[in-house]
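Single-letter residue listing:
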Amino acid sequence: MYPDWLNYVDRKRQRNLAQILQCLSQLQDKKNLDFIVIGALPLLMRGYLAYKVYWDIDLLFRDDKGIREFMKKPKPKMLRIVEYDDALMVSRNITSFHTAWAFNRIWFNVDYIVRKGFFEFYTHNIDALTPYTESITVGSTSFQICLYMAHPWDIITEKVISPRTARDVELKIDTSVDLRHIFAIYTSEKTNMEFWHYIFEKTRSLCSEHEFKIKFLKILSSATELGYRDLEISPDSIKLLRE
Amino acid sequence: MSFRYEFRLSGSGGQGLILAGKILAEAAAIYDGKNATQSQSYGPEARGGSSRSEVIVSDEEIDYPKAVNIDLLLCFTQEACDKYYKDVKDTGIILVDSSYVTKLPQGRFKIYTVPITEVAEKEVGKALVANIVALGIITELTKIVSKEAVESAILSRVPKGTEELNLRAFNVGIKKAQQLR
């Protein structure tokens with residue numbers, strides 16, 4: 001099968017992305033989850049984003065040790081991994097390690113990330129989280145993907161309360177990727193009551209529902225100023241956020 | 001004959017250099033049909049700490065994705081300039097934002113100084129588009145990626161309501177570079 005979202009991946013890179021996702025599917029420990037795919041890719045693969053850029057792969061680990069163990073895990077011989085960082089980049093709440101993966105000479109950025117508390121946030125309902133499962137055919141080759149990825153509703157919940165998003169709104173950064181993702185998910189889900197119940201419930205593990213609602217309202221009310229003048233804000237969603 | 005061109009965009013977090021690197025790579029690969037890699041690294045604090053984006057453009061597939069011999073170095077902070085100028089080729093280019101970089105390095109490379117942030121603020125009306133102004137200067141100075149490709153890549157990254165502002169910033173950068181020649 002050739003999924004729609006693959007049309008938003010540069011044609012030259014489609015096969016390589018599928019091959020890397022297949023490799024990650026094999027590397028991911030499904031019984032004792034060691035990492036989960038976060039960032040833009042789950043949104044692209046779930047149909048929320050529809051534009052062509054250079055997609056990165058972000059892997060969220062439980063802790064620094066989890067990254068180190070993953071780095072040691074045996075990988076296919078044909079896979080080349082180039083490390084951009086000399087060591088794990090550790091700051092107060094985030095650890096990151098930037099790499100590039102290739103099976104030939106088409107490189108994909110694969111970033112290993114740890115964010116305090118967020119692995120649990122994304123995986124606590126793992127039993128309800130269905131892995132993305134697909135057989136992707138590019139050219140004459142099929143790639144088997146079975147990969148746990150962050151739930152898009154979790155992604156928006158996190159992004160709404162992120163200090164980075166608050167800063168982007170404050171400074172009116174129209175190129176903010178986080179805001180773009182928030183508006184894309186909102187556009188798809190704004191009339192879906194199940195969505196609203198889910199995110200109000202889920203945010204409680206990160207901050208109060210009241211704080212979440214205020215932040216979401218501020219983001220929506222800044223949409224025009226940020227360049228999203230076409231965003232249709234549903235009065236019902238505003239009502240929900242004001243409750 | 002094949003070519004490989006290495007860009008390093010350096011400064012501090014929040015200056016939009018990672019995004020600029022992505023746009024440059026997307027312009028080269030998606031819209032110009034070349035091959036490109038883009039990498040990023042942040043200092044200990046993502047916002048306010050150091051930030052670096054590297055882009056490699058080649059007409060052939062790229063065997064090694066790390067920059068080793070810089071053709072163009074963009075510096076948005078003095079610290080970045082002091083740290084990275086040694087990696088620039090003798091025939092390379094250093095572009096500094098003279099709004100922040102005052103002490104220029106010595107070497108055989110060519111140095112261009114432009115008050116990029118000031119230009120963005122005065123001529124475009126928004127200091128935050130300094131990264132896009134810089135992209136315009138880089139595009140015109142190097143001619144490695146076409147103007148049209150960079151414009152398309154910018155448009156794919158910005159919302160409709162700010163397309164005009166960002167394209168204006170890019171073209172201001174192009175004009176600045178033409179004045180430098």
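Residues numbered from 1 in each chain as written. Chains lettered and ligands numbered in written order. Predicted model: local features only at pLDDT ≥ 70, side-chain atom pairs only at ≥ 80, totals over all residues.

Points about the overall build of chain A
Note the following rule: Only DSSP runs of H or I reaching four residues or more are called helices, and only runs of E reaching two or more are called strands; each is numbered from the N terminus. Any residue with 12 or fewer other C-beta atoms within 10 Å of its own C-beta is exposed, any with 20 or more is buried, and the rest are partly exposed; the C-beta atoms used are placed from the backbone. A residue pair is marked as a contact if its C-beta atoms, positioned from the backbone, fall within 7 Å.
In terms of helices and strands, chain A carries 10 helices and eight strands. Seen through its principal axes, chain A has C-alpha atoms that stretch 55 × 40 × 35 Å. Out of the 243 residues in chain A, the part that is buried amounts to 37%. Partitioning the intrachain contacts of chain A with sequence separation of at least 6 by distance along the chain shows that 66% fall at a separation of at least 24.

Quick word on the overall build of chain B
Threshold: In this description the radius of gyration comes from C-alpha coordinates, and the expected globular size is given by 2.2 Å times residues to the power 0.38.
Within chain B one finds six helices and six strands. Put simply, chain B runs from its N terminus to its C terminus through helices and strands in the order β-α-β-β-β-α-β-β-α-α-α-α. For 181 residues, the compact-globule formula gives about 16 Å, and the C-alpha radius of gyration of chain B, at 15 Å, lands near that figure. Over its C-alpha atoms, taken along the principal directions, chain B stretches across nearly 40 × 40 × 35 Å. Counting all 181 residues of chain B, 54% fall into the buried class. Long-range pairs, those at least 24 residues apart, make up 58% of the contacts in chain B with a sequence separation of at least 6.

Overview of the packing of helix 5 (residues 152-161) of chain A against helix 8 (residues 193-203) of chain A
Residue and element names in this part refer to chain A. Defined as follows: Note on definitions: angles span 0 to 180 degrees between N-to-C directions of axes, and those axes are lines fitted to C-alpha atoms, for helices only across the stretch in contact. What sets the label is the angle itself: under 35 degrees gives roughly parallel, over 145 gives roughly antiparallel, 65 to 115 gives roughly perpendicular, and the rest give oblique. Take the far helix as your reference; a near helix turned counterclockwise from it by less than a right angle gives a left-handed crossing, and one turned clockwise gives a right-handed crossing. Gly is put with the polar residues, along with every residue not named as nonpolar or charged; the nonpolar set is Ala, Val, Leu, Ile, Met, Phe, Trp, Tyr, Cys and Pro, and the charged set is Asp, Glu, Lys and Arg.
At a minimum axis separation of 10 Å, helix 5 and helix 8 run at an interaxial angle of 55°. Relative to helix 8, the element helix 5 is oriented oblique. The handedness of the crossing between helix 5 and helix 8 comes out as right-handed. Residue-level contacts link Trp 153, Asp 154, Ile 156, Thr 157 and Ile 161 of helix 5 to Phe 195, Tyr 198, Ile 199, Lys 202 and Thr 203 of helix 8. Across the contact of helix 5 with helix 8, the residue classes tally to six nonpolar, two polar and two charged.

Here's the deal with helix 5 (residues 147-155) of chain B
Those residues of helix 5 of chain B lying buried are Ala 149, Val 150, Glu 151, Ala 153 and Ile 154 of chain B. On its buried face, helix 5 of chain B is in contact with helix 1 (17-31), helix 4 (130-142) and helix 6 (163-180) of chain B.

Here we look at the confidence of the model for chain B
Inclusion rule: pLDDT is a per-residue confidence score from the predictor, ranging from 0 to 100.
For chain B, per-residue confidence averages 94 on the pLDDT scale, and 95% of positions sit at 70 or higher. For this predicted complex, the interface confidence comes out at an ipTM of 0.92, alongside a pTM of 0.94.

Some details on the environment of Gly 16 of chain B
Assignment of secondary structure puts Gly 16 of chain B in the loop between strand 1 (4-12) and helix 1. In the structure, Gly 16 of chain B is positioned 34 residues away from Ser 50 of chain B in sequence and 12 Å away in space, judged by C-alpha atoms.

Let's talk about the interface of chain A and chain B
On the side of chain B, 30 residues touch chain A, which itself brings 28 residues to the contact. Among the elements that make up the side of chain A that touches chain B, the one with the highest residue count is strand 5 (residues 94-102) of chain A (three residues). Here the residues of the side of chain A that touches chain B sort into 14 nonpolar, six polar and eight charged.

Some points on the pairing of strand 2 (residues 57-61) of chain A
Residue and element names in this part refer to chain A. Note the following rule: Two strands are counted as paired when DSSP detects at least two bridges linking them.
Here strand 2 lies mainly inside the structure; five of its five residues are buried. Note: strand 1 (residues 35-38) against strand 2, four bridges, orientation antiparallel. Considered in strand 2, the bridge of Ile 38 is made with Asp 58. Relative to strand 6 (residues 108-115), strand 2 runs parallel, the two sharing four bridges. The partner of Ile 57 across the bridge, within strand 6, is Val 110.

Considerations on the nonpolar core
As a reminder of what qualifies: Each nonpolar core comprises buried Ala, Val, Leu, Ile, Met, Phe, Trp, Tyr and Cys residues, the members being joined through C-beta atoms within 7 Å. Each domain's extent was defined by an automatic or database domain assignment.
If you look at the biggest cluster of nonpolar residues, it comprises 121 residues, and the most contacted ones within it are Leu 60 of chain A together with Leu 24 and Val 133 of chain B. A per-element tally of this core places helix 1 of chain B first, with 11 residues. The residue makeup of this core includes at least three contributed by each of domain 1 (4-147) and domain 2 (152-242) of chain A. Dropping the residues within four chain positions of it, Leu 60 of chain A is found in contact with Phe 35, Ile 36, Ile 38, Ile 113, Arg 115, Phe 118, Phe 119 and Tyr 122 of chain A.

Details of the packing of helix 4 of chain B against helix 6 of chain B
Residues and elements named next belong to chain B. Where helix 4 contacts helix 6, the axes come no closer than 7 Å and their chain directions differ by 45°. Classified by the angle their axes make, helix 4 and helix 6 are oblique. Crossing of helix 4 over helix 6 shows right-handed handedness. Of helix 6, the residues touching helix 4 (which contributes Ile 132, Val 133, Ala 134, Leu 135, Gly 136, Ile 137, Thr 139, Glu 140 and Leu 141) are Asn 166, Ala 169, Phe 170, Asn 171, Val 172, Gly 173, Ile 174, Lys 176, Ala 177 and Gln 178. In terms of residue class, the contact of helix 4 with helix 6 is built from 11 nonpolar, six polar and two charged.

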